[in-house]
Amino acid sequence: MEAAPSNPTHNIISTAPSSVATHRNPLRVDWPTVDGPLGLSEQESVDHARRFFKFGFLLLPWLWAVNCLYFWPVLRRPSSYYHPDLRRYVVRSAIGFTVFAVILSSWALTFSVGGEHLFGHVWDKLVMYNVAEKYGLTGWI
Amino acid sequence: MDGGSILETIGVEIIGVMSPVSICMFLVVLIVYTLSSPSSSDNQQVIRTAANLIYLESSSDTTAQKLEGALLNAVVFVVLITLVTFLLVILYYYRFTNFLKYYIRFSAFFVLGSMGGSIILTLIQHFNIPIDSITFCLLLFNFTILGVISVFSQGVPILLNQMYMVALGIIVAAWFTKLPEWTTWVVLVALALYDLVAVLAPGGPLKMLVELASSRDEELPALVYEARPNVSSRSGSRGPNLGLLLAGFSDGDPIELRVMSSSENVVQNGRVVSEMRSESEEIDDVREVEIEGEMLPLMGSSSSNNERERPVVNEDIRESNESDRARVLEREIEEEEERGRGIKLGLGDFVFYSVLVGRAAMYDLMTVYACYLAIISGLGCTLILLAVCRHALPALPISIALGVIFYFLTRLLMEPFVVGTSTNLLMF
C-alpha cells in the first residue's frame, strides 16, 4: 500500500495516465496491483480485470474477490487515478462479490443454524456429510 | 562484516522459503493428527498406489519381509519417477511446453478437486460441520478453478500463487501419509538419493531440465514454489538476494580496506587519481595503484600543496569506489535477473518434508518436533550451500537424511529415556 496521493507529483502523474502507462519506471509508486512492479502493468491489467470480471459470472465469485484483492490500489484511490475501465471492472467485481457473499452466507447460516427444525427431512438429504456418506466420497482415511 | 551481515543479507530469503515449508508441515501434522485415530491404523485398508505397487504391507509380516517389500516398492517408485521425469525433459526439449502446462493444470485441478475435496469432506465429517451440499460444491468449485488459474498465470497475486502451492503440497503430502510405514521411510530415503543424482549428476534429468529452462530463459515447466522476489523500492543498493551475498562479501572487503587506507595517506598526488580512474577496472589493479600511492610520499613533494589537495583526492577516490561498487553490483544484479527471480523450491520438496513430519506425527509429537527441527536446519544448510554454489541444488538429501536420523534417534533412544525418566518422576 503506498501512501495517499499527498505528494504533488502523484497528482501530476494521475492527470496524464496515458503517458504514464507507456513507460515502466521501476521507481513509479502507483502500480495498479498489490504486487507493485512484479505485477501487471496498467495496460495489461485492464484486459485482465475484464476477463476476471466476465468469468466471475460462471458461478466463480472468487474470481471477483481475487480481482478486488489484486487491484486493491485501484479500489482505494479516487476514480480519476487509473484507467476508467479498470476502475469500473474492479468496482463491479467488488459489488458482485459482496452480493454473492451476502446471499451465500445468509443461506449457509440459515441452513446450519435452522437445522432440522426449519427444513425437516430435507436437511438430512442436503447436509454434506450425509451426502458424502451416501456416495462414498470420503476416500481419505 | 561477520555473522550478523550474513543473516541480514540472507535472512529474508531464508524466512521466505522456510515459512511456507513450516506452514505446510504444520498443517499436514494437524490434519494427520486429528484424522488418524489410533484404532483405524491397524485395520485400515491399504490402497495400492505407484509407491507400493509390488508389496502391500500388513502388520503381520516379519521385519525382513517388510524391509524387502519396502525396498522393492521404493525401487519401482524411483524408476517410475525417473521415467516420468525423462519424459518431461523430452517433451520440454521438443517444445511441448503448452502441453506440459495444460497437463500440470489438469493435475492441479485433479489434486485440488478430488484429493483435496476428499480431505475436506473427511474433515467435515470428522467435525460434523453442518454445511449443505450446494454451498460446499460451489465453494469447492471456486477453490479448484482459482487454483488452476493461479498455477501458471501471471495475473494473480503472488501471495495467492504461493498459498495454492502450499495447499497442493499439503494435499499430496496428506495422501502420501497413507502409505504403510516401512514403505514410507524407504521411499523417502530413495527419493533423497534420487534427488541428489537427478540434480547433480551430469546426465541427471532435473539438471537437464533446469539447464534447458535457463538457456531458454523460461520458467520451469513444473510446480515450483517461488519466494517473493525482493524488488525493494526503498533501498536499491542493498539487494538482499542470495546470489548477491557472495558479491557483497568478495567485493565489500577490499573496498572498505581501500577507503580506510587512502584516508590514512598523508600525501596524495593528482597523477595517482588519474591513473586510478584509468585503471580501476579490477579491484586488484586498484590495489596496485593504492600501493603506488602509498609509496609516493617517500618520493617527497611540497607538503603544503598536498595538504590542500588531499580532501579533494579522497573524495575522488571515494567517488570512484562508489562507482566501482555500483558497477559491480549492477553486473551482479543483471546476472541475478538472468538467473531468475526469487528462490525456487520444488513442490516435491514440500511434499516429502511434510510426508516425513506427517509420518512422524503418527507415532508421537516428540518425533514431530525432532523431525521439524532437523528438516528446517537441513533446509538452512541447503540454502547456505546455494549461496556458495550458485546453481540448482537438491533440497531433499540433507533435510531427509537429518530428518530420518533424528526420527529414529528420537524414537529408539530419546523417547524411552524421556518417558522412563518422567514416569519414574526423575524429571518434570
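As recorded by an unreviewed UniProt entry, chain B carries the name Presenilin and is attributed to Solanum pennellii. Under the Function (unreviewed entry) heading, UniProt states for chain B: "Probable subunit of the gamma-secretase complex, an endoprotease complex that catalyzes the intramembrane cleavage of integral membrane proteins such as Notch receptors." In the Subunit (unreviewed entry) part of its UniProt record, chain B is described as follows: "Homodimer."

Going by an unreviewed UniProt entry, chain A carries the name Probable gamma-secretase subunit PEN-2 and comes from Solanum pennellii. The record in UniProt for chain A states the following under Sequence similarities (unreviewed entry): "Belongs to the PEN-2 family." Looking at chain A in UniProt, the text filed under Subcellular location (unreviewed entry) is "Membrane".

## Observations concerning the overall build of chain A
Regarding its fold elements, chain A presents eight helices and zero strands. Secondary structure of chain A in N-to-C order comes out as α-α-α-α-α-α-α-α. By residue count, 27% of the 141 residues in chain A fall in the buried class. For chain A, the share of sequence-separated contacts (at least 6 apart) that also reach a separation of at least 24 residues comes to 52%.

## Regarding the UniProt feature "transmembrane region" (unreviewed entry) in chain B
Residues and elements named next belong to chain B. As annotated by UniProt and renumbered to match this structure, "transmembrane region" (unreviewed entry) occupies residues 12–35, 70–94, 106–127, 133–152, 159–176, 182–201, 367–388 and 395–414. A distance of 35 Å separates the end C-alpha atoms of residues 12–35, which is 100% helix and 0% strand. Structurally, residues 133–152 comprises 100% helix and 0% strand, and the distance from its first C-alpha atom to its last is 30 Å.

## Quick notes on helix α5 (residues 133–152) of chain B
The terminal C-alpha atoms of α5 of chain B, which comprises 20 residues, lie 30 Å apart, in line with the 28 Å expected from a rise of 1.5 Å per residue. Among all positions in α5 of chain B, only F136, G147, V148, I149, S150 and V151 of chain B are buried. In this structure, the buried residues of α5 of chain B make contact with α8 (128–135) of chain A together with α4 (97–127) and α6 (158–176) of chain B.

## Re the environment of R48 of chain B
Residues and elements named next belong to chain B. Note that R48 resides in the loop between α2 (40–43) and α3 (63–93). What makes R48 exposed here is the crowd of 10 C-beta atoms within 10 Å. With 308 residues separating them along the chain, R48 and L356 place their C-alpha atoms 20 Å apart. When sequence neighbours within four positions are dropped, the list of residues in contact with R48 reads L53 and L56.

## Focus: the interface of chain A and chain B
At the interface, 32 residues of chain A touch 31 residues of chain B. Those elements that place two or more of their residues in the side of chain A that touches chain B are α4 (61–70), α6 (84–119) and α8 of chain A. Looking at the side of chain A that touches chain B, its residues break down into 26 nonpolar, five polar and one charged.

## Overview of the packing of helix α3 (residues 42–55) of chain A against α6 of chain A
All names here are of chain A. Where α3 meets α6, the axes come as close as 9 Å, and the angle between the chain directions of the two elements is 25°. Considered as vectors, α3 and α6 are oriented roughly parallel to each other. The interaxial crossing formed by α3 with α6 has left-handed handedness. In this structure, α3 contributes S45, V46, A49, R50, F52 and F53 to the contact, and α6 contributes D85, L86, Y89, V90, R92 and S93. Along the lines of polarity and charge, the residues of the contact of α3 with α6 split into seven nonpolar, two polar and three charged.

## Some remarks on the packing of α4 of chain B against α5 of chain B
Packed helices, taken two at a time, are described by their axes: the angle between them and the distance between them. Residue and element names in this part refer to chain B. Where α4 contacts α5, the axes come no closer than 9 Å and their chain directions differ by 150°. In this view, α4 runs roughly antiparallel relative to α5, as classed from their interaxial angle. For the pair α4 and α5, the sense of crossing is right-handed. Each of K101, I104, R105, A108, F109, L112, G113 and G117 in α4 lies in contact with α5, whose residues at this interface are L140, F143, T144, G147, V148, V151 and F152.

## Here we look at unusual backbone geometry
With phi around 55°, L59 of chain A is a residue other than glycine that occupies positive phi space. Note on placement: L59 of chain A falls in the loop between α3 and α4. Overall, L59 of chain A belongs to the partly exposed group, with 13 C-beta atoms counted inside 10 Å. A positive phi angle, near 60°, is found at R95 of chain B, a position not held by glycine. Residue placement: R95 of chain B occurs in the loop between α3 and α4.

## Overview of the UniProt feature "transmembrane region" (unreviewed entry) in chain A
Residues and elements named next belong to chain A. The residues that UniProt annotates with the feature "transmembrane region" (unreviewed entry) are residues 52–72 and 93–113. Structurally, residues 52–72 comprises 71% helix and 0% strand, and the distance from its first C-alpha atom to its last is 14 Å. In residues 93–113, helix accounts for 100% and strand for 0%; the two terminal C-alpha atoms are 29 Å from one another.

## A look at α4 of chain A
A large share of α4 of chain A lies buried, amounting to nine of its ten residues. Looking only at α4 of chain A, the buried set comprises P61, W62, L63, W64, A65, V66, N67, C68 and Y70 of chain A. Check the buried side of α4 of chain A and you find it contacts α3, α5 (72–76) and α6 of chain A together with α5 and α6 of chain B.

Cut-offs applied
- Along every chain, residues carry numbers that run from 1 in the direction the sequence is written.
- Going through the entries in the order they are written, you letter the chains from A and number the ligands from 1.
- Residue-level local features of this predicted model are given only where pLDDT is at least 70; pairs of side-chain atoms are given and counted only at 80 or more, and the full residue set underlies all totals for whole chains, interfaces and linings.
- UniProt positions are given in the numbering used here, feature names are shortened, and annotations may be inferred rather than shown by experiment.
- Strands here are runs of E lasting at least two residues and helices are runs of H or I lasting at least four, both read from the DSSP assignment and numbered beginning at the N terminus.
- With C-beta atoms placed from the backbone, a residue is buried if 20 or more other C-beta atoms are within 10 Å of its own, exposed if 12 or fewer are, and partly exposed between those counts.
- We call two residues in contact whenever the C-beta atoms placed from their backbones are within 7 Å.
- Expected span, for any helix, means 1.5 Å times one less than how many residues it has.
- Three classes are used, and their members are as follows: Ala, Val, Leu, Ile, Met, Phe, Trp, Tyr, Cys and Pro are nonpolar, Asp, Glu, Lys and Arg are charged, and the others, Gly among them, are polar.
- With axes taken as lines fitted to C-alpha atoms, and helix axes fitted only over the stretch in contact, angles between N-to-C directions fall between 0 and 180 degrees.
- Here the angle decides the label: under 35 degrees means roughly parallel, over 145 means roughly antiparallel, 65 to 115 means roughly perpendicular, and every other value means oblique.
- By convention the crossing between two helices is left-handed if the near helix lies anticlockwise of the far one by an angle smaller than a right angle, and right-handed if it lies clockwise.

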